[in-house]
Amino acid sequence: MSVQSLPAQDTGSGLDFLNIGPSSSILSLGEGTSAVPTGSSSFYMNPALLSYELESGLDVNYTLWISNVQSQFVAVHGKKNRFTFGAGVYSTRSDDFEARNQPGPPSGSFSISYLAVSGGLSYKLGPVSLGATAHYLREEIFQLRANGYAINLGSAVRFLNERVTLGLSLNNVGEMEELDIEETPLPSVLKAGLSARMIEFVTPGENDFPVLMTLFTDWTTPLNNYSTGDFAAENSNDGYLTFGTIADLAGIFEFRGAYKFGPTERPFSTGLGISVEPLTFNYAFVPFSTGYGSAHSFGIQYTF
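Residues numbered from 1 in each chain as written. Predicted model: local features only at pLDDT ≥ 70, side-chain atom pairs only at ≥ 80, totals over all residues. Heavy atoms only, no water.

Trainee: Residues and numbers for the overall build of the chain, please.
Mentor: If you tally the helices and strands in the chain, you get 2 helices and 16 strands. Residues classed as buried in the chain amount to 47% of the 304 residues present. Within the chain, counting contacts between residues at least 6 apart in sequence, those at least 24 apart form 53% of the total. (Helix = DSSP H or I, 4+ residues; strand = E, 2+ residues; numbered from the N terminus. Buried < 20%, exposed > 50% of the residue type's maximum accessible area, 1.4 Å probe, protein only. Contact = heavy atoms within 4.5 Å.)

Dropping the structure here:
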């Protein structure tokens, strides 16, 4: 049995889960969130965005990926003066892989799992925010174990009465221990994005119903060569562009959608948020263009 090839067949570099949005809100926006705050999960994409959260919060999510890959994510953040702190746990697991030492019936089954335990910090000075996140990483394949670390660095700035946000982040820079023979490469990326609250109006009628439209775009560039399950092999090192929109209806309903231009196998994503203070219920739907199925993610955010 060759366990080295299994993560490449299923999840690209193995640790490619670090570039998959851990929360429903990030997934519904196609991970194009280097300039879009998403609550406690912000420090997984751009830690500087934590500073733009108005309140402390808790975020709990469950994602059913294709091929019965399941992910769980929980994170919390709190504010103190100019600092905002965040911490979270993100895990993904796939079971029932058949183990064989020779042709014929399997000799048993095994699991593949990945874990990130993370802490983030951001500092806000005027319209500018700087942030950093440290990840402790662990991968388990069959009887093999490896530990490692990764660092995210981010910056953001807001202007035009905080209607426009620019974000820049460097994600997943670090290293892993050897897994049997070789270390698993980290999917390091550079992300740059812009979001703008472009359209705001009130629907006609006796009862005011305000609508706020936010447009965003995000550019992602892989920084190393690795075969990823989310991109065609011949274009695995190409960057891609994400466009999306968020429609906020009276602060109660939030409709989200995004489209990726590039060699991705999941170009479209959409989702919904329903807020009943202090709770927000999130859902994301991510279909795969390859016909492998669709991903569904469910989340709850609590602000305090």
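From this point, the discussion proceeds with the structure in view.
Trainee: I'd love a proper account of the nonpolar core, names of residues and values included.
Mentor: Counting residues in hydrophobic clusters, the biggest one holds 31 residues, and the most contacted among them are Leu15, Phe17, Leu18, Trp65, Tyr90, Leu137 and Leu186. For this core, the elements supplying multiple residues, two or more each, are strand 2 (70-80), strand 3 (83-99), strand 4 (108-125), strand 5 (128-141), strand 6 (144-159) and strand 15 (279-287). When residues of this core are assigned to their parent elements, the largest contribution, 4 residues, is made by strand 4. If you look at the next biggest cluster of nonpolar residues, it comprises 5 residues, including Leu29, Val36, Phe216 and Ile246. (Core = buried A, V, L, I, M, F, W, Y, C linked by side-chain atoms within 4.5 Å.)

Trainee: So, the layout of surface pockets: which residues are in play, and what are the values?
Mentor: In this structure, the largest pocket spans a volume of roughly 1,400 Å³. Around the largest pocket, the lining is made up of 44 residues, and of these Pro37, Glu53, Leu54, Asp248 and Glu254 lie nearest the centre. A class-by-class count of the residues in the lining of the largest pocket yields 15 nonpolar, 17 polar and 12 charged. (1 Å grid on protein atoms, 1.4 Å probe; cavity = no way out; pocket = protein on both sides within 12 Å on 5 of 7 lines; lining within 4 Å. Points joined across faces, edges and corners; volume = space filled by probe spheres on them. Nonpolar A, V, L, I, M, F, W, Y, C, P; charged D, E, K, R; others polar.)

Trainee: Could you give me a rundown of the pairing of strand 6, with the residues and numbers involved?
Mentor: One ladder, built from 14 bridges, connects strand 5 with strand 6; its direction is antiparallel. Bridging across to strand 6, alanine 134 finds its partner in isoleucine 151. In textbook terms, the turn of a hairpin is the stretch between consecutive antiparallel strands, and for strand 5 and strand 6 this stretch comprises 2 residues, one of which, phenylalanine 142, has a positive phi near 55°. Pairing analysis gives 11 bridges linking strand 6 to strand 7 (residues 164-176), with the strands arranged antiparallel. Pairing of serine 155 across the sheet is with leucine 168, part of strand 7. (Pairing = 2+ DSSP bridges.)

Trainee: So what about the pairing of strand 11 (residues 210-222)? Which residues, and what values?
Mentor: Summarising the sheet, strand 10 (residues 189-202) and strand 11 pair through 13 bridges and their orientation is antiparallel. Directly across from serine 195, in strand 11, lies its bridge partner phenylalanine 216. Across 10 bridges, the pairing between strand 11 and strand 12 (residues 240-249) is antiparallel. Each bridged residue has a counterpart across the sheet, and for threonine 220 the counterpart in strand 12 is tyrosine 240.

Trainee: Which residues make up the packing of aromatic side chains, and what values go with them?
Mentor: Using the criterion set out here, one finds 13 aromatic pairs in the structure. Considering the side-chain rings of phenylalanine 83 and phenylalanine 85, the 6.3 Å spacing of their centres and the 20° angle between planes classify their relative orientation as stacked. Phenylalanine 85 gets classed as partly exposed once you look at its relative accessible area, which sits at 42%. The structure contains a cluster of three or more aromatic residues connected by ring pairs, namely Phe17, Phe43, Tyr44, Phe73, Tyr90 and Tyr114. Above the face of the tyrosine 52 ring, arginine 158 is positioned so that its terminal group lies 4.3 Å from the ring centre. (Phe/Tyr/Trp six-rings, centres within 6.5 Å; stacked < 30°, edge-to-face > 60°. Lys NZ or Arg CZ within 6 Å of the ring centre and 35° of its normal.)

Remember that the coordinates give geometry; whether it matters functionally is a separate question.
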